[in-house]
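So the chains spell out like this:
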Amino acid sequence: MADLEAARRRVEALREEIRHHDYLYYVLDSPAITDQEYDRLMQELRSLEEQFPQLVTPDSPTQRVSGGLHEAFGTVTHPVPLLSLANAYSAAELRAFDARLKKMLGSQEPIEYVAELKIDGLTIALTYADGVLTQAATRGNGLQGEDVTANIKTIKSVPLKLRHRVAERLWIRGEAYMRTQDFAQLNEARELAGEPRFANPRNAAAGSIRQLDPAVTAGRPLFIYCYSILAAEPELQVETQWQALSLLKEWGLPVNPECKLCANIEEVIDYCTYWTEKRGTLDYEIDGIVVKINSLAAYRELGFTGHNPRGHIAFKFPAEQRQTKVKDIIVQVGRTGAITPLAILEPVRIAGSVVSRASLHNEDYVKTKDIRIGDTVIIQKAGDVIPEVVRVVTAERTGAEIPFVMPERCPACGAKAVREPGEAVTRCVGLACPAQQRERIIHFASKDALDIEGLGPAVVDQLITAGLITDVVDLYRLKPEDLVGLERFGPKSAENLLRAIAESKTRPLARLLVALGIRFVGTRVAQILADHFGNLDRLAQADQAELEAIPEIGPRIAESLVGFFREEQNRAVIEGLREAGVNFVQPQVHNKDTPLAGKTFVLTGTLQSFTRAEATEAITSRGGKVSGSVSKRTDYVVVGADPGSKLTKAQELGITILSEEEFKQLLSEQGGDAE
Ligand code: IVH
């Protein structure tokens, strides 16, 4: 008993100390002890808790989730809608914003603002009950988000317990993000493992948080910055945004240290100018500055337009531009034979990553911009993601630059490269072109096609180089002994890949049609064709007129289909797939009079547990239809994260809106089998 009492006192002291060091490290960014010393404290706490399990409490620092399976996310209704911001792109627009607020507030006195870095991450709403973290949710559609509590608890800078009890219930908004350096390392590791790279740190953070297995999230280096008090019960008396930020800090929540209280809009503009230049010095990405009126009374008085508060605005940075050199212009051959010029650049760091290539799209693009090998060029990231050449710095020309010439023959197979009149794209006409085959195999295995897990570009290259495959049919002939000798393949991974390949034989016809990579046949067209014909053989026999008679199938698609099935080589592939046992049939809707039959759905935003193709399939296999736009005839709009204008349109028209959870519910009521 004396032991237990002594242990209790020591446990409490250790927790206090660890929380204090978490605060120094994550919030004040000034650690007082080394990592080893910190680990020793944690170790001591862990072993005491093991000896005296009755002392374990849910808010103990040892209770951060680091593993365990989690069910699909539930839905969380936010205490207040999580709004978004209107944008400004120049100092003039910021001054206009300031003038607008003065007019609405009926005062010419300078307005105080808080300027904050706009962290490029994922919005998270945290709930604290009696000071203890009880829930964390994504923004979702602004009204409802996904319950990601278990995952957020793995982020070390999120306090499981506040330093003060503050209120019975407290809701905080913040941004979870990944540091640029960690993002680059994660991508390298993913590349080695044959997994797709994340496009940017924001996607990496979002992908890490929307993980069903918190152990995966726990392994990802995530951080959070908090910036607003969404609500409190009972209500708190907070008068300014600046005060809100200092309260957050006091409670132990991480607040970005670069926030600034500005006496007027000119100081805000100076802050924006400063960070436009200096954003590259931060170890995380920002995509602008959030400007917030400091007085919360004025904020409330100003109200909202649509989803945006009038008292806030986001200053968006101009796309970051850099100068570099074009070392070479090569061409790449895509799945459809399109030959695309690609600029090989001297590597430069831009908007958080190193860029060493930029697509030049087609021959005319290179001509119009007059991009030559050896040129000095200005590049930027379009939408801050895809690098593009803005212009050539002609003043830097020496005369030694070499103009680009589109090759007359495909660099991969030597077949003729043809540019049809009226087309911008040059294509390789070689049917057996290995470059096209590579891209076709990658596409065949991709998520919206036959979804063969583990068969990414790196593994496809490995199989081709080893001479094991030349086309998609060869995939079904692979045997365990073919794989085990290959680098990075052991008996287990070989078995996994072969199982994934075998599973791909059972996908519905619509997926197979996508996988075949017929020009103009994407997910939607594939679904229409699969529903109409029911099996591949009937579709392959259809002529131009029969195809054109199908709603939404125009002459261009019809022609592409007829051409595809006429081609001897394609017919051979289809026969090969048939022999391998690949399914050629579209499952029939079991019950035509279920409530989903004949209903029209529109999908908007990102769904978390379905790709677009899967959601479409789930609806159509139950007799429903999927349309691209909202109209009076729409029955349901399914809303995922970051929905577009379709949501607003649906609200205006009074159409039933379904969250992802409600959508799943509806599907399960239909008793279908598509998920
Ligand atoms: S305030 C009502 N402050 O930027 C406005 N947002 O649309 C609430 N963001 O997705 C947002 N850093 O997640 C605010 N310091 C900051 C922010 C910030 C990043 C994100 C936010 C939202 C987007 C604005």
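On a predicted model such as this, the values are computed, not experimentally measured, just so you know.

Before going further, it helps to spend a moment on the packing of aromatic side chains. For the coordinates displayed, the defined rule picks out 14 aromatic pairs. Judged by centre distance (5.1 Å) and plane angle (15°), the ring pair of tyrosine 177 and tyrosine 225 falls under stacked. With tyrosine 177 in strand E7 (residues 169–178) and tyrosine 225 in strand E8 (residues 222–233), this pair connects stretches of sequence that are 48 residues apart. Here tyrosine 177 and tyrosine 225 have matching classes, each one buried. Chaining the aromatic ring pairs together yields one cluster made of Tyr177, Phe223, Tyr225 and Tyr284.

With that settled, consider the nonpolar core. Grouped together as the largest cluster of nonpolar side chains are 57 residues, with contacts concentrated most on Phe444, Ile452, Leu475, Leu512, Leu529, Leu547 and Leu577. Looking at which element gives the most residues to this core, the answer is helix H17 (residues 509–516), with 7 residues. Core analysis: the next-biggest nonpolar cluster, separate from the first, contains 41 residues, Ala136, Ile152, Leu222 and Leu296 among them.

Attention now goes to the site of the ligand. Around the ligand sit 15 residues in total, of which Glu116, Thr123, Glu175, Tyr227 and Lys292 are the nearest. Contact distances for the ligand include 3.1 Å between a nitrogen atom and a backbone N or O atom of isoleucine 119. One of the side-chain nitrogen or oxygen atoms of tyrosine 227 is found 3.1 Å away from an oxygen atom of the ligand. Alone, the ligand offers 520 Å² of accessible surface; in the complex the protein occludes 89% of this. Mapped onto the shell around the ligand, the elements with two or more residues apiece are strand E3 (113–119), E7 and strand E10 (286–293). Here the residues of the shell around the ligand are counted per class, giving 7 nonpolar, 3 polar and 5 charged.

It is worth spelling out the sheet that holds strand E5 (residues 132–138) at this point. A sheet is described by the order of its strands in space; here 4 strands give the open sequence E5-E4-E7-E8, paired in antiparallel fashion. Strand pairing shows two members of the sheet lacking a second neighbour, E5 and E8, which therefore form its edges. Geometrically, the sheet is characterised by an average inter-axis angle of 25° between neighbouring strands, direction not taken into account. Along the sheet face, helix H6 (residues 201–209) touches strand E4 (122–129), E7 and E8 and points at about 125° away from the line of E7.

Inspection of the secondary structure puts aspartate 98 in helix H3 (residues 91–105). Since its relative accessible area comes to 5%, aspartate 98 is described here as buried. Leaving out residues up to four positions away in the same chain, aspartate 98 has contacts with Ile111, Tyr113 and Ile265.

Right, let's talk about the pairing of E5 for a bit. Sheet analysis places E4 next to E5, joined by 6 bridges and oriented antiparallel. Following the sheet pairing, alanine 125 is matched in E5 by alanine 137. Between E4 and E5, which pair antiparallel in sequence order, lie 2 residues; one of them, aspartate 130, sits at a positive phi of approximately 50°.

Moving on: the sheet that holds strand E2 (residues 87–88). With mixed pairing, 5 strands are arranged side by side in an open sheet as E2-E13-E10-E3-E9. Unpaired on one side and paired on the other, E2 and strand E9 (260–262) mark the two borders of the sheet. In this structure, E3 lies alongside E9, joined through 3 bridges in antiparallel fashion. Residue pairing across strands places tyrosine 113 opposite cysteine 262, the latter belonging to E9. The strands touched by H3 within the sheet are E2, E3, E10 and strand E13 (312–316), with E13 carrying the most contacts at an inclination of about 175°. Strands E3, E9, E10 and E13 of the sheet are contacted by helix H9 (residues 265–278), whose axis makes an angle of about 20° with E3.

Each value, and the rule that gives it
Residues numbered from 1 in each chain as written. Predicted model: local features only at pLDDT ≥ 70, side-chain atom pairs only at ≥ 80, totals over all residues. Heavy atoms only, no water. Phe/Tyr/Trp six-rings, centres within 6.5 Å; stacked < 30°, edge-to-face > 60°. Helix = DSSP H or I, 4+ residues; strand = E, 2+ residues; numbered from the N terminus. Buried < 20%, exposed > 50% of the residue type's maximum accessible area, 1.4 Å probe, protein only. Core = buried A, V, L, I, M, F, W, Y, C linked by side-chain atoms within 4.5 Å. Near = heavy atom within 4 Å. Polar contact = N/O pair within 3.5 Å; in protein donor to acceptor, adjacent residues only side chain to side chain. Areas by Shrake-Rupley, 256 points an atom, 1.4 Å probe, with all protein chains shown as cover. Nonpolar A, V, L, I, M, F, W, Y, C, P; charged D, E, K, R; others polar. Pairing = 2+ DSSP bridges. Axes fitted to C-alpha atoms, helices over the stretch in contact; angles between N-to-C directions. Contact = heavy atoms within 4.5 Å.

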